[in-house]
Amino acid sequence: AQSVTQLDSHVSVSEGTPVLLRCNYSSSYSPSLFWYVQHPNKGLQLLLKYTSAATLVKGINGFEAEFKKSETSFHLTKPSAHMSDAAEYFCVVSGTYKYIFGTGTRLKVLA
Amino acid sequence: DAGITQSPRHKVTETGTPVTLRCHQTENHRYMYWYRQDPGHGLRLIHYSYGVKDTDKGEVSDGYSVSRSKTEDFLLTLESATSSQTSVYFCAITGTSGSRDNEQFFGPGTRLTVL
């Protein structure tokens, strides 16, 4: 069985400061992991994915995530937040034909 | 952008009425999914399809049925809508191989309100 936990439901950062969105997963086998972003009243867009190649994954818009098997984590980071990063972010673990979503982290960026 | 459309985009209906939502893809992808999104719950899988006429239940399938008679169309039906089914519904597709490495592509969503 697989599951995913997003540790913070809301995160606030100031523009220009680093972003950290935390995700822990549980999987009975080597997982594939994804981060999606959803801007207000929009659909979901893939930010990045981990599929057992490099443990540090780079995505769009300056985001990256590091797969840490020992910590069962896949945290999303960005060195410098931009106002346009304000959105909801979802961590996802995939199983056989199914994708398990975390409950989401809403990122607020303060001017 | 992946060619996924959903119709209608918004719907208001009354308790007890049947409702059908349509998802249409132009990508010829094998796997299609219906999710609902509610605050604090993320996206939860309702049903999914792994081919024409092949469907299976997700974690919140009670009160919903689906049909897939063509590769490109996946219909979600609420036989008798209830207020608890007020939600935003997303359709998604994923790659032809079914590999768990494949990312999903999402439609724009349907906002359903049941009064």
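Residues numbered from 1 in each chain as written. Chains lettered and ligands numbered in written order. Predicted model: local features only at pLDDT ≥ 70, side-chain atom pairs only at ≥ 80, totals over all residues. Heavy atoms only, no water.

**Some details on the sheet that holds strand β3 (residues 19-25) of chain B**
All names here are of chain B. Rules: Should DSSP find at least two bridges between two strands, the strands are taken to pair. In DSSP terms, a helix is any run of H or I states spanning at least four residues, a strand is any run of E spanning at least two, and both are numbered starting from the N terminus. In this analysis an axis means a line fitted to C-alpha atoms, helices contributing only their contacting stretch, and an angle means the value between N-to-C directions, from 0 to 180 degrees.
A sheet is described by the order of its strands in space; here 4 strands give the open sequence β1-β3-β8-β7, paired in antiparallel fashion. The open sheet has two free edges, formed respectively by β1 (4-7) and β7 (64-70), since each of these has just one partner strand. On average, each strand axis in the sheet is tilted by 20 degrees relative to the strand beside it, whichever way the strands run.

**A closer look at the state of the cysteines**
All names here are of chain A. Formally: Criterion for a disulfide: a pair of cysteine sulfur atoms within 2.5 Å.
What the rule picks out here adds up to 2 disulfides over all chains. Linked covalently through their sulfurs, C23 and C91 form a disulfide whose S-S length is 2.0 Å. Looking along the S-S bond of the C23-C91 disulfide, the torsion reads about -65 degrees, which is the left-handed sense. Taken together, the residues C23 in strand β4 (residues 23-26) and C91 in strand β10 (residues 87-94) connect sequence positions 68 residues apart.

**Looking at unusual backbone geometry**
Residues and elements named next belong to chain B. With an omega of -10 degrees, the peptide bond between S7 and P8 qualifies as cis. Along the chain, P8 falls in the loop between β1 and β2 (10-13). Positive phi values are uncommon outside glycine, yet N28 reaches one of about 60 degrees. For K53, which is not a glycine, the phi torsion comes out positive at approximately 70 degrees. The topology assignment puts K53 in the loop between β5 (42-51) and β6 (54-57).

**Section: the side chain of A:D8**
Keep this limit in mind: Should any heavy atoms of two residues lie within 4.5 Å, those residues are counted as being in contact.
Along the chain, A:D8 falls in the loop between β1 (3-6) and β2 (10-14). When neighbours within four sequence positions are excluded, A:D8 is seen to be in contact with A:R22, A:G104 and A:T105.

**Description of the interface of chain B and chain A**
Selection criterion: For any pair of parts, buried area is found by adding up, for both, the accessible area (1.4 Å probe) each one loses once the two are put together. Think of a salt bridge as a Lys or Arg side-chain nitrogen and an Asp or Glu carboxyl oxygen that are within 4 Å of each other. Under the scheme applied, nonpolar residues are Ala, Val, Leu, Ile, Met, Phe, Trp, Tyr, Cys and Pro; charged residues are Asp, Glu, Lys and Arg; polar residues are all the others, including Gly.
Every contact between the two is made by 23 residues of chain B and, on the other side, 24 residues of chain A. Here chain B packs against chain A, burying approximately 1,900 Å² in sum over the two surfaces, 52% of which is carbon and sulfur. For the interface between chain B and chain A, the tally reads 1 salt bridge. Between B:E103 and A:K49 there is a salt bridge; the shortest N-O distance is 2.8 Å. When contributions to the side of chain B that touches chain A are tallied by element, the ones reaching two or more residues are β4 (31-38), β5 and β9 (87-94) of chain B. Of the residues belonging to the side of chain B that touches chain A, the class tally is 8 nonpolar, 10 polar and 5 charged.

**Digging into the layout of surface pockets**
The line we're drawing: Note on definitions: the grid is 1 Å and covers protein atoms alone; a cavity is a set of points where a 1.4 Å probe fits but cannot get out; a pocket is an open set with protein on both sides within 12 Å along at least five of seven lines; lining residues have an atom within 4 Å of a point. Grid points are joined across faces, edges and corners, and a volume is the space filled by probe spheres set on the points.
Computed from the structure, the largest pocket encloses a volume of approximately 550 Å³. Along the wall of the largest pocket there are 27 residues; nearest its centre are A:Q38, A:R106, B:Q37, B:V88 and B:R111. Those elements that place two or more of their residues in the lining of the largest pocket are β10 of chain A together with β4, β9 and β11 (110-114) of chain B. Looking at the lining of the largest pocket, its residues break down into 6 nonpolar, 15 polar and 6 charged.

**Observations regarding the environment of B:G42**
Residues and elements named next belong to chain B. Operational definition: In this scheme, a residue with accessible area under 20% of its type's maximum is buried, one over 50% is exposed, and one in between is partly exposed, where area comes from a 1.4 Å probe on protein chains only.
Mapped onto the fold, G42 is located in strand β5. Since its relative accessible area comes to 3%, G42 is described here as buried. Sequence separation between G42 and C23 is 19 residues; the distance between their C-alpha atoms is 20 Å.

**Comments concerning the pairing of β1(B)**
Residue and element names in this part refer to chain B. Burial along β1 is one-sided: I4 and Q6 are buried, and none of T5 and S7, which face the opposite way, are. In the sheet, β1 pairs with β3 via 4 bridges, with the strands oriented antiparallel. Across the sheet, I4 pairs through a bridge with Q25, a residue of β3.

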